[in-house]
Amino acid sequence: MLRELLLAGLIMAVGLSIAGVGTYLYQWLANTQAALRYDGRTFAHSLGHLAMSFVCGPFIMLQMGWQHDRDGTLSIGSALIAAFVGFGWAFITGLIFVGSYFALTA
């Protein structure tokens, strides 16, 4: 059982690291703040924003969880929900990338 738990942690770590690298790479190349969005000037831009949101989504969700409220405090509820969604999303992203890696190399 510990082996499966460590494998799930590894998959989440891969997904979160790919999301972080993708987020900072997108922000560096596009010179804009990464956000969850699906709008664009053309259909191709919309698909690009949608793909970026899917890959970079876990990292963006974790950043959104640490935003302060109007009174300057940190909401524990929003931080926990963002962490739950972000790490679950990172598992899916990591599973896709790790699965693709093993499919291509095996």
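This section reports on the structure supplied with the text.

Rules used throughout
- For every chain, the first residue of the written sequence is number 1, and numbering continues from 1 onward in sequence order.
- Owing to the predicted nature of the model, reporting of local features is limited to residues with pLDDT of at least 70; listing and counting of side-chain atom pairs is limited to 80 or more, with chain, interface and lining totals taken over all residues.
- Each side-chain value is worked out from all heavy atoms of the structure, with water and hydrogens disregarded.
- Note on conventions: DSSP H or I runs of at least 4 residues are helices, E runs of at least 2 residues are strands, and numbering of each starts at the N terminus.
- Between buried and exposed lies partly exposed: a residue is buried under 20% and exposed over 50% of the maximum accessible area for its type, with that area taken using a 1.4 Å probe on protein chains only.
- Each axis is a line fitted through C-alpha atoms, and for a helix only the stretch in contact is used; angles between axes span 0 to 180 degrees, taken between their N-to-C directions.
- Should an angle fall under 35 degrees it is taken as roughly parallel, and over 145 as roughly antiparallel, whereas 65 to 115 is taken as roughly perpendicular and any remaining angle as oblique.
- Residues count as neighbours in contact if any of their non-hydrogen atoms are within 4.5 Å of one another.
- Classes in brief: Ala, Val, Leu, Ile, Met, Phe, Trp, Tyr, Cys and Pro nonpolar; Asp, Glu, Lys and Arg charged; the others, Gly included, polar.

1. Topic: unusual backbone geometry
With phi around 55 degrees, Asn31 is a residue other than glycine that occupies positive phi space. Checked against the element boundaries, Asn31 lands in the loop between helix H1 (2-30) and helix H2 (43-65). Residue classification places Asn31 among the exposed positions, given a relative accessible area of 68%.

2. Comments concerning the packing of H1 against helix H3 (residues 76-105)
The contact between H1 and H3 brings their axes to 7 Å, and the two run at 90 degrees. The angle between H1 and H3 falls in the class roughly perpendicular. Contacts from Ala8, Ile11, Met12, Val14, Gly15, Leu16 and Ile18 of H1 reach H3 at Phe87, Ala90, Phe91, Thr93, Gly94, Leu95, Phe97 and Val98. Of the residues that constitute the contact of H1 with H3, the class distribution is twelve nonpolar, three polar and no charged.

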